[in-house]
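Spelled out from the first residue to the last, the chains are:
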Amino acid sequence: MLKEKIKKELENFKDENRFRKLTILNQDFLNLSSNDYMGFGNNALLIEEFYKKYPNLALSSSSSRLISGSYSLVMKLEELAENIYKKPVLFFNSGFDCNCCVIETFCDEKTLVISDKLNHASIHDGILHSKATLLRYKHLDLSHLKILLKKNKDKFENIFVISETIYSMDGDCVHLEELISLKKEFNFSLVIDEAHSFGVYSYGMAHSKNLIEHIDFLTIPLGKGGGSTGSYLICNQLYKDYIINKGRKFIYTTALPPINIAWNIFILEKMELFKDKRQYLIELQELAHSLIKKYNMNTLSTTHIISIIIGDNERLDKITNYLKEKKYFVYGVKEPTVPKGTSRIRIGLSPSLSKDNIIDFFQELNYALNTFF
Ligand SMILES: Cc1ncc(COP(=O)(O)O)c(C=O)c1O
């Protein structure tokens, strides 16, 4: 029964052109789908410098944080981050665990969570595990959030509002200051995810706008602009202590190995020195957006993440296959990652791309959009 049911579901995915497969990236291709927005993860000079500084690090921590997994490098990383963010910091193994853990540890059946409709799966899973009541506001629509807050402000013991800074699937951006002024009016707990703004905004958007103190739980996954792995959680000491005592995704997992932790220290210590990379990324972004305008393409993006909505899965496949023939690797995003009928080409800019790369790519994309229907 189980096998039959699963087989049928996978057949449906194939019929709808959304059956997912694992592939190896062909190294001859220009990768426009990377989330390594600052190019740290693949920077040969940085990697060489890192291995010179840390030549003999262990490849396993062999323990969870509460046993022997809080070794000196982890504690140094948290201390370094605390000096930057001026608040307690707890390091998690991944952004998924960090988001999920915050929500499932602090929200319960007496909590209302109001979440942006397009928040990441880790946020959604945390809400499901928490048994809280969930309401979703229209994507980035803070006036809709305000209506929901007004209606529900006296009905629950606690209210949590959750948003990302830059959204991965559209490349659009929250108005953090406006969200914080709503927090002052309605007194909810605010959770912000900086997965797609860390690095691009140096220590993050909240830090660069001097807003850290207003955010109750700031999560900073490092797998994208951080060029690494793991996640910082920035919160007050009471919440940090509570997670250390109660957070299942913090307690019951093996800590990351010293090599990853040392790389995070290395990047964090250098972050302010990457001004030229950030400036160049802005130039690439401006160039890409001017080409989008020139070619009349359809995007909601205002940032380094650019999605061009195609809509139909079959047409998307034709376009990405054509781009592959031209040696561009671009990932076509389909449901359930994005809503049905909004499949898209998503690219992530990074300083490892040249301006000519961007000009040539958009020329090919424009050709494909006008050729394949
Ligand atoms: C917005 C957002 N939050 C959290 C995560 C999860 O982070 P990680 O890959 O570190 O588990 C991702 C990445 O997939 C993400 O895009």
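Along each chain, residue indices are assigned from 1 in the same order as the chain's sequence is written. The predicted origin of the model limits local features to residues at a pLDDT of at least 70 and limits the giving and counting of side-chain atom pairs to 80 or more, whereas totals for whole chains, interfaces and linings rest on all residues. Computation of side-chain values covers all heavy atoms of the structure but excludes hydrogens and water.

As recorded in an unreviewed UniProt entry, the chain goes by the name Aminotransferase class I/classII large domain-containing protein, listed as coming from Cetobacterium somerae ATCC BAA-474. UniProt positions are given in the numbering used here, feature names are shortened, and annotations may be inferred rather than shown by experiment. Turning to the chain, the UniProt record has this under Cofactor (unreviewed entry): "pyridoxal 5'-phosphate".

Asks: Break down the nonpolar core for me, citing the residues and quoting the values.
Replies: Burial of nonpolar side chains together is a common tendency in soluble globular proteins. Here the nonpolar core consists of buried residues drawn from Ala, Val, Leu, Ile, Met, Phe, Trp, Tyr and Cys, with membership extended through side-chain atoms lying within 4.5 Å. Burial status follows relative accessibility: with a 1.4 Å probe on protein chains alone, a residue under 20% of its type maximum counts as buried, one over 50% as exposed, and anything between as partly exposed. Counting 87 residues, the largest nonpolar core has Tyr-85, Val-161, Tyr-232, Phe-362 and Leu-365 as its most contacted members. Put simply, DSSP H or I for four residues or longer makes a helix, DSSP E for two residues or longer makes a strand, and each gets a number counted from the N terminus. Counting residues per element, this core draws most heavily on helix H11 (residues 258-270), at eight residues. When we break this core down by domain, the ones giving at least three residues each are domain 1 (2-40 + 274-371) and domain 2 (61-256). Within the second largest apolar cluster, 21 residues are counted, among which are Cys-98, Ile-103, Ile-162 and Cys-235. Domain segmentation is taken from an automatic or database assignment of domains.

Asks: Run through the domain arrangement of the chain, naming residues and quoting values.
Replies: On domain assignment, one finds that the chain holds domain 1 (2-40 + 274-371) and domain 2 (61-256). Contacts were defined at the residue level, with two residues in contact if any of their heavy atoms lie within 4.5 Å. In this complex, domain 1 contributes 20 residues to the contact, which on the side of domain 2 involves 16 residues. Here the quantity called buried area is the total loss of accessible area, with a 1.4 Å probe, experienced by two parts when brought into contact, counted for both. A per-residue breakdown of the area domain 1 buries against domain 2 is headed by Tyr-37, Arg-278 and Leu-300, which together make up 26% of the total. Salt bridges are counted wherever a side-chain nitrogen of Lys or Arg sits within 4 Å of a carboxyl oxygen of Asp or Glu. Across the contact surface, domain 1 and domain 2 share one salt bridge. Arg-344 is paired through a salt bridge with Asp-170; the nearest N and O atoms lie 2.6 Å apart. Think of a polar contact as two N or O atoms within 3.5 Å of one another; within protein, one of them needs to be a possible hydrogen donor and the other a possible acceptor, and neighboring residues in sequence only count if both atoms come from side chains. Where domain 1 packs against domain 2, one counts 11 residue pairs in polar contact (both at pLDDT 80 or more).

Asks: I'd like to hear about the site of the ligand, residue by residue, with values.
Replies: Every residue close to the ligand is listed here: Ser-94, Gly-95, Phe-96, Asn-99, His-120, Ser-122, Glu-164, Asp-193, Ala-195, His-196, Pro-221 and Lys-224. Gly-95 is positioned with one of its backbone polar atoms (N or O) 2.8 Å from an oxygen atom of the ligand. Separating an oxygen atom of the ligand from a side-chain N or O atom of His-120 is a distance of 3.2 Å. The biggest single contributor to the shell around the ligand is helix H4 (residues 95-106), with three residues. To be near a molecule or strand, a residue needs just one of its heavy atoms within 4 Å of it.

Asks: Describe in detail the packing of helix H3 (residues 72-85) against H11, supporting the description with residues and values.
Replies: Helix axes use the C-alpha atoms of the stretch in contact, all axes being lines fitted to C-alpha atoms, and the angles between their N-to-C directions lie in the range 0 to 180 degrees. Where H3 meets H11, the axes come as close as 9 Å, and the angle between the chain directions of the two elements is 25 degrees. Relative to H11, the element H3 lies roughly parallel. In this structure, the crossing between H3 and H11 has a hand that is left-handed. Between H3, through Leu-73, Val-74, Lys-76, Leu-77, Leu-80, Ala-81 and Ile-84, and H11, the contact on the second element is made entirely by Pro-258, Ile-261, Ala-262, Asn-264, Ile-265, Leu-268 and Glu-269. Only Asp, Glu, Lys and Arg are considered charged, only Ala, Val, Leu, Ile, Met, Phe, Trp, Tyr, Cys and Pro nonpolar, and every remaining residue, Gly among them, polar. Tallied by class, the residues present in the contact of H3 with H11 amount to 11 nonpolar, one polar and two charged. Should an angle fall under 35 degrees it is taken as roughly parallel, and over 145 as roughly antiparallel, whereas 65 to 115 is taken as roughly perpendicular and any remaining angle as oblique. Rotating anticlockwise by less than a right angle from the far helix to the near helix defines a left-handed crossing, while the corresponding clockwise rotation defines a right-handed one.

Asks: With reference to specific residues and values, describe the sheet that holds strand S5 (residues 158-164).
Replies: Pairing between the strands of a sheet comes from backbone hydrogen bonds, and it takes one of two forms, parallel or antiparallel. With mixed pairing, the seven strands of this open sheet are ordered in space as S2-S8-S7-S6-S5-S3-S4. Only two strands of the sheet have a single partner each, and these edge strands are strand S2 (89-92) and strand S4 (133-137). Neighbour-to-neighbour, the strand axes of this sheet turn through a mean angle of 20 degrees, independent of strand direction. Most of the contacts of H3 go to S2, to which it runs at about 135 degrees, and overall it touches S2, strand S7 (217-221) and strand S8 (231-234). DSSP-based pairing: two strands are paired if at least 2 bridges between them are found.

Asks: So what's going on with the UniProt feature "domain: Aminotransferase class I/classII large" (unreviewed entry) in the chain? Residues and values would help.
Replies: The residues that UniProt annotates with the feature "domain: Aminotransferase class I/classII large" (unreviewed entry) are residues 28-358. Secondary structure content for residues 28-358 is 41% helix and 17% strand, and the end C-alpha separation is 17 Å.

Asks: Provide a residue-level description of the packing of H4 against helix H9 (residues 237-246), including the pertinent values.
Replies: Packing of H4 against H9 leaves a shortest axis separation of 11 Å and a crossing angle of 95 degrees. Accordingly, the angle class assigned to the pair H4 and H9 is roughly perpendicular. Across the interface between the two elements, Cys-101, Val-102, Thr-105 and Phe-106 of H4 pack against Tyr-239, Tyr-242, Ile-243 and Lys-246 of H9. When its residues are assigned to classes, the contact of H4 with H9 shows six nonpolar, one polar and one charged.

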